[in-house]
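Residues per chain, in single letters:
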Amino acid sequence: MPFSSAAGGWLINGQKPNLSSYPGLGTSLLGWETMQSWNIGFELAMFRNRLTLSFDWLNRTTKDMVGPAPERPATLGTGAPKMNNAEMVSKGFDLEISWRDQTGDVSYGARFILSDARQKILDYPNVDGSLSAWRVGQYLNEIWGLETLGIAKTEEEMDQYLANLPNGGVTWGNNWSAGDVMYVDRNGDGKISEGATEDDPGDLYIIGNSTPRFNFGLDLNAEWKGFDVRIFLQGTAKRDYWIGGNMYFGASGGTWNASCFTSHLDFFTTGNEVTNEDGYFPENRDAFFPRPLEDSGKNTHTQTKYLSNASYLRVKNLQLGYTLPQTWTAKVGISRCRLFVSGENLFTITGLPDGFDPENLNNSGKNYPLARNISFGLNVNF
């Protein structure tokens with residue numbers, strides 16, 4: 001039976017119209033997932049507990065897993081139901097090392113945490129090896145794309161590039177010219193194409209993986225004669241990410257969806273392009289971005305040149321403080337009085353473009369900016 005709701009996207013006489021649609025197919029075969037897991041761990045304390053270490057290795061297999069619905073022909077007319085159709089293994093580890101000591105009037109400590117995990121598909125009914133579905137042996141969050149040869153700096157360079165692709169050139173777009181991206185013919189078939197299956201991927205291959213790897217945190221602290229300092233760093237050591245879209249390329253999305261930020265201005269020009277003021281853009285043949293086109297899909301296919309490095313290191317917190325001598329505070333009935341200044345999210349080192357937060361990534365980049373906070377405080381204990 002169809003269902004309806006007032007969910008129309010347009011206002012008619014001041015109200016959203018009712019819409020009706022058919023739900024996707026259901027199934028009575030959906031059941032419980034089962035998990036088998038084992039782990040190995042150990043703890044170590046040395047030098048009178050000044051050094052402590054703990055390590056844990058995890059291996060977990062999920063059987064009868066609820067995976068994506070199997071692909072069905074478009075003639076089905078609706079979405080296929082999810083089923084218990086997959087098996088996946090997760091492997092990872094957690095490591096923690098800490099050191100605490102004192103030398104004279106100086107006491108100090110350090111604590112380092114490192115963790116990693118990734119998931120691999122062991123079973124899934126993808127008979128054709130479609131790249132748009134899970135595949136046996138696939139690690140989750142693989143990024144498939146093209147290898148970038150470069151941006152053609154002249155018409156002659158583009159003409160020579162296309163002449164070396166006698167079996168169809170680039171199989172999308174037209175009017176290829178200086179300022180357009182050149183892709184690598186990895187399979188040597190004389191054309192640039194994107195395949196659909198693992199056995200026939202065309203010129204696509206795995207260029208990265210968006211799973212955060214080797215997440216870490218480092219906590220450092222020290223005290224000396226009432227003064228104290230503490231800094232907490234966190235980050236991810238390995239992660240790829242494909243952003244794409246108008247927030248990355250600027251010109252992508254056509255006339256109505258294009259963006260223009262400072263980072264987008266490094267685009268290819270020959271020096272002959274006219275501006276709106278009837279002037280000319282300065283020549284920029286060594287630009288980072290290709291020439292801006294309304295036909296945005298031409299140069300912005302997922303590719304190695306514009307794959308972002310989403311690893312990062314962030315100063316999450318830095319705090320400086322001073323505790324007044326107890327001989328002073330005891331006279332007024334205070335057991336402890338500490339003044340401090342604290343900074344949150346002071347700066348981040350990352351390979352991502354400006355405006356993208358490595359802790360809150362999405363393809364649009366339309367996130368509220370991460371706030372940097374500086375605060376002052378007074379802690380008083382009676």
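The shown structure was predicted, so the numbers you read here are calculated from the model rather than taken from an experiment.

Chemist: Is there a simple way to think about the overall build of the protein chain in this case?
Modeler: The helix and strand tally for the protein chain stands at 3 helices and 20 strands. In terms of overall size, the protein chain is more extended than a compact globule, its C-alpha atoms giving a radius of gyration of 28 Å where 382 residues would be expected to give roughly 21 Å. With the C-alpha coordinates of the protein chain rotated into their principal frame, the extents come out at 85 × 65 × 60 Å. When burial is assessed residue by residue, the protein chain has 35% of its 382 residues classed as buried. For the protein chain, restricting intrachain contacts to residue pairs at least 6 apart in sequence, the fraction spanning at least 24 positions comes to 62%. In the form shown here, the protein chain has an accessible surface area of approximately 23,200 Å², with 54% of it arising from carbon and sulfur atoms. Here the protein chain holds 32 positive side-chain charges and 43 negative ones, and the gap between their average locations is 11 Å.

Chemist: I keep staring at the pairing of strand β13 (residues 213–224) and nothing clicks. Help me out?
Modeler: Remark: a regular strand shows side chains that alternate across the two faces of the sheet. Inspection of the sheet shows strand β6 (residues 106–123) paired to β13 by 10 bridges, in the antiparallel sense. Residue pairing across strands places R111 opposite D219, the latter belonging to β13. Bridge analysis of β13 against strand β14 (residues 227–238) gives 11 bridges, and the strand direction is antiparallel. Bridging from a neighbouring strand, L220 pairs with I231 of β14. Adjacent in sequence and paired antiparallel, β13 and β14 are bridged by 2 residues, among which K225 carries a positive phi angle near 50°.

Chemist: Mind showing me how you'd approach the packing of aromatic side chains here?
Modeler: Aromatic ring pairs are reported here in terms of the distance separating the ring centres and the angle at which the planes meet. Applying the stated criterion across every chain, the model contains 17 aromatic pairs. Between Y248 and F249, the aromatic rings sit 5.0 Å apart at their centres with planes inclined by 80°, giving edge-to-face as the arrangement. Accessibility expressed as a relative area gives 7% for Y248, which makes it buried. On the basis of an interplanar angle of 75° and a centroid distance of 6.2 Å, the ring pair of Y248 and Y306 is categorised as edge-to-face. Linking Y248 in helix α2 (residues 246–249) with Y306 in the loop between α2 and β16 (308–309), this pair joins segments that are 58 residues apart in sequence.

Chemist: Just checking my understanding: could you explain the pairing of strand β5 (residues 83–103) for this structure?
Modeler: The sheet contact formed by strand β4 (residues 51–67) and β5 spans 15 bridges and is antiparallel. Paired with F55 across the strands is L95, a residue of β5. Summarising the sheet, β5 and β6 pair through 17 bridges and their orientation is antiparallel. Residue pairing in the sheet places D94 in a bridge with S115 of β6. Linking β5 back to β6 in an antiparallel pair, the connection comprises 2 residues, with G104 at a positive phi of about 60°.

The rules behind these values
Residues numbered from 1 in each chain as written. Predicted model: local features only at pLDDT ≥ 70, side-chain atom pairs only at ≥ 80, totals over all residues. Heavy atoms only, no water. Helix = DSSP H or I, 4+ residues; strand = E, 2+ residues; numbered from the N terminus. Rg over C-alpha atoms; globule rule 2.2 N^0.38 Å. Buried < 20%, exposed > 50% of the residue type's maximum accessible area, 1.4 Å probe, protein only. Contact = heavy atoms within 4.5 Å. Areas by Shrake-Rupley, 256 points an atom, 1.4 Å probe, with all protein chains shown as cover. Lys, Arg positive; Asp, Glu negative; His and termini not counted. Charge placed at Lys NZ, Arg CZ, Asp CG, Glu CD. Pairing = 2+ DSSP bridges. Phe/Tyr/Trp six-rings, centres within 6.5 Å; stacked < 30°, edge-to-face > 60°.

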